[in-house]
Amino acid sequence: RFQALAWHEYHPFVVENRVWDCGLYSYTIQGDTLINDVLYKKALRFVSNETNEELVYVGAVKEENRKVDMVFPDTMTPVRLYDFTVGVLNKDWMEVLSAANVLISGQERRQVEWSTGDITGFFFMIEGIGFNTKPFDYPWHFPAELDKCYDGEEVIYDRQTDDITLQENPYSMIVTDGEVNGDSQVDIADVNAVIDMMLEKPLAPSWDDVAADMNLNGTIDIADVNAIINVMLGKR
């Protein structure tokens, strides 16, 4: 069941000098690298020793259309690490429990809650911040917990306060169930409403553009029309 409050300005994940504090380790993005003639940003881990702190390369990341691909050091093949459009990773063995917009340290961000069949507990993927465990690896590989995320001196995620928001935020959601025009039924009128929104000529101010965005990717297009038709036909 996918839900949303509203559209908001997208917060990117791949940001130069952003820092993720995960307790024993901290991570950052610094500098560029070319892989197969494609420009990536370097993902690095802070490692402390007796004399100083050094940065260890953990992979390369690239963000495009709200999706983040990563190349790990042991392979030259990019893999999808994040998909902030709606859900997470398009894997059959992952169950997306909800997708919603919540306040994270005062900023509205997309949050996706999901679980897997063989792992106890739930995970969150937060727009622009990543997993609530660690940023550059899948949560079940080496369990960790994200404490804080910084942009310079600004804290954009703090587990001590934002976990409360994540767990207890009183969602006042618009459910994307195909009901767009406010008459409490899904029919051809909803299809026509979405088409009018595509053409930017809505006939009624009560029509909600978020409810019409069936795949919650920030754009109303033919995919949303098809999704509503599938609801009408009982295919969703």
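Reading the values: the criteria
Residues numbered from 1 in each chain as written. Predicted model: local features only at pLDDT ≥ 70, side-chain atom pairs only at ≥ 80, totals over all residues. Heavy atoms only, no water. Buried < 20%, exposed > 50% of the residue type's maximum accessible area, 1.4 Å probe, protein only. Helix = DSSP H or I, 4+ residues; strand = E, 2+ residues; numbered from the N terminus. Pairing = 2+ DSSP bridges. Core = buried A, V, L, I, M, F, W, Y, C linked by side-chain atoms within 4.5 Å. Contact = heavy atoms within 4.5 Å. Axes fitted to C-alpha atoms, helices over the stretch in contact; angles between N-to-C directions. Parallel < 35°, antiparallel > 145°, perpendicular 65-115°, else oblique. Nonpolar A, V, L, I, M, F, W, Y, C, P; charged D, E, K, R; others polar.

Visitor: Give a description of the pairing of strand β10 (residues 123–126) that names residues and reports values.
Guide: Here β10 shows a buried face lined by Phe123 and Met125 and a second buried face lined by Phe124 and Ile126. Here β10 pairs with strand β11 (residues 130–131) via 2 bridges, running antiparallel. Bridge assignment links Met125 to a residue of β11, and that residue is Phe131.

Visitor: Break down the nonpolar core for me, with residues and values.
Guide: The biggest cluster of nonpolar side chains holds 32 residues, and the ones touching the most others in it are Phe13, Trp20, Tyr82, Ile129 and Phe136. Here this core takes 4 residues from β10, the largest share from any one element. Apart from residues lying up to four places away in sequence, Trp20 is in contact with Phe13, Tyr25, Ser26, Tyr27, Thr28, Ile29, Ile129, Pro135, Phe136, Leu146, Lys148 and Cys149. In this structure, Ala193, Met197, Val225 and Ala227 belong to the second largest nonpolar core, which totals 11 residues.

Visitor: I'd like a description of the pairing of strand β13 (residues 154–158), backed by residues and values.
Guide: Both strand β12 (residues 148–151) and β13 contribute to a ladder of 4 bridges, which runs antiparallel. Each bridged residue has a counterpart across the sheet, and for Tyr150 the counterpart in β13 is Val155. Connecting β12 to the next strand, β13, in antiparallel fashion are 2 residues, including Gly152 with a positive phi near 65°.

Visitor: Quick rundown of the packing of helix α2 (residues 188–198) against helix α4 (residues 222–232)? Include the residues and the values.
Guide: For the pair α2 and α4, interaxial distance at closest approach is 10 Å and the crossing angle is 175°. One way to sum up the angle between α2 and α4 is to call them roughly antiparallel. Across the interface between the two elements, Ile188, Asp190, Val191, Val194, Ile195 and Met198 of α2 pack against Ile222, Asp224, Val225, Ile228, Ile229 and Met232 of α4. Residues belonging to the contact of α2 with α4 are distributed by class as follows: 10 nonpolar, no polar and 2 charged.

Visitor: Please provide a residue-by-residue account of the sheet that holds strand β2 (residues 19–22), values included.
Guide: Taken in spatial order, the 8 strands make up an open sheet running β7-β6-β5-β4-β3-β2-β12-β13, and their pairing is antiparallel. The sheet terminates laterally at β7 (79–83) and β13, the two strands that pair on one side only. Strand-to-strand, the axes of this sheet are offset by a mean angle of 30°, without reference to chain direction.

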